[in-house]
Amino acid sequence: METRLNPWDTCDHLNTKKKWMTWIRGMLRRGWSKYPVAKEYKSSKARLVPILDNEGNQTYYKSGKKKGEKRMRYEAECECCGKTFPAHKLQVDHIVSAGSFTETEHIPEYLTNLFCGKDNLQLLCVPCHEIKTHMDRYNLTWEEAYLDKQVIAKTNQPTKKQKEELLGAGFKEDEISNKDKRRDCYKKLLGDS
């Protein structure tokens, strides 16, 4: 009987299970970005609207083949925050996430969840999508994920800027002496606001 090799045993560049699973997950995600059901869902939510100038007047093309024609764009609402965005700035998201994919046994369920029907899709702006993804990944509430993303953004600033902000907010030098302490200070500061 022939011994069957694992996929990661057959490729020099994807030579560990983790590398192979990451590559497969990425390939499936790229496929998802072209998934017709997701594209149809996004199209069904978008509407064509005029592009207005700062005074609220219709704008027109000034040159080229479309010279004199009205400038238009597709836009839609984020289904989370309710704000309107140009359609290209909105992302189709799974309401219930596609789930874990760390073992080859997860592939069938992951595929079924990833390539789902419209009833499990929503249109989100980038900030809401990032918060939702963070919420799903770390099993947080919306509020916890929102605060955590704010804290991450603050602690990604240069250390000097972090220290200036936190000292200005009333924290003492010993409370902000390392990244973990600054993170805790930002959690207190942003959580109270």
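Participant: Honestly, the pattern of salt bridges in this entry has me stumped. Any pointers?
Facilitator: A side chain with one charge can pair with a side chain of the opposite charge if their charged atoms come near. In the structure shown here, the tally under the stated rule is 8 salt bridges. Glu40 serves as the salt-bridge partner of Lys118, at 3.7 Å between the closest nitrogen and oxygen. Residue Lys118 is located in the loop between helix 3 (107-114) and strand 5 (121-125), and its partner Glu40 is located in helix 2 (residues 36-45); the two are separated by 78 residues in the primary sequence. Notably, a salt bridge pairs Glu165 with Lys154, separated by 3.4 Å at the nearest N-O pair. Placement of the pair is Glu165 in helix 6 (residues 159-168) and Lys154 in helix 5 (residues 142-155), with a sequence separation of 11 residues. Residue class for Lys154 comes out partly exposed when judged on its relative accessible area of 26%. Taken together, the shared-partner salt bridges in this structure form one network comprising Asp93, Lys132 and Asp136.

Participant: Sorry if this is basic, but what is going on with the side chain of Asn120 here?
Facilitator: Looking at the secondary structure, you find Asn120 in the loop between helix 3 and strand 5. Engagement of the side chain of Asn120 in a polar contact is seen with the backbone nitrogen of Val96, the distance being 2.8 Å. Excluding residues that lie within four positions of it along the chain, Asn120 makes contacts with Asp93, His94, Ile95 and Val96.

Participant: Got a minute to help me understand unusual backbone geometry in this structure?
Facilitator: Leaving glycine out, the prevailing phi sign among residues is negative, and the prevailing peptide bond configuration is trans. In this model, Asn139 sits at a positive phi of 55°, which is unusual for a non-glycine residue. Mapped onto the elements, Asn139 comes out in the loop between helix 4 (126-138) and helix 5. With a relative accessible area of 70%, Asn139 lands in the exposed category.

What counts as what
Sequence positions are assigned chain by chain, starting from 1 and proceeding in written order. Confidence filtering applies because this is a predicted model: local features only for residues at pLDDT of at least 70, side-chain atom pairs given and counted only at 80 or more, and all residues used for totals across whole chains, interfaces and linings. Only hydrogens and water are set aside when side-chain values are computed; all heavy atoms of the structure are taken into account. Whenever a carboxyl oxygen of Asp or Glu lies within 4 Å of a side-chain nitrogen of Lys or Arg, that contact is scored as a salt bridge. Numbering goes from the N terminus for both helices and strands, where a helix is a DSSP run of H or I of at least four residues and a strand is a run of E of at least two. Burial status follows relative accessibility: with a 1.4 Å probe on protein chains alone, a residue under 20% of its type maximum counts as buried, one over 50% as exposed, and anything between as partly exposed. In protein, a polar contact requires one atom able to donate a hydrogen and another able to accept it; more generally it is a pair of N or O atoms within 3.5 Å, and residues adjacent in sequence count only if both atoms are side-chain atoms. The contact definition used throughout considers only heavy atoms, calling two residues in contact when any of these lie within 4.5 Å.

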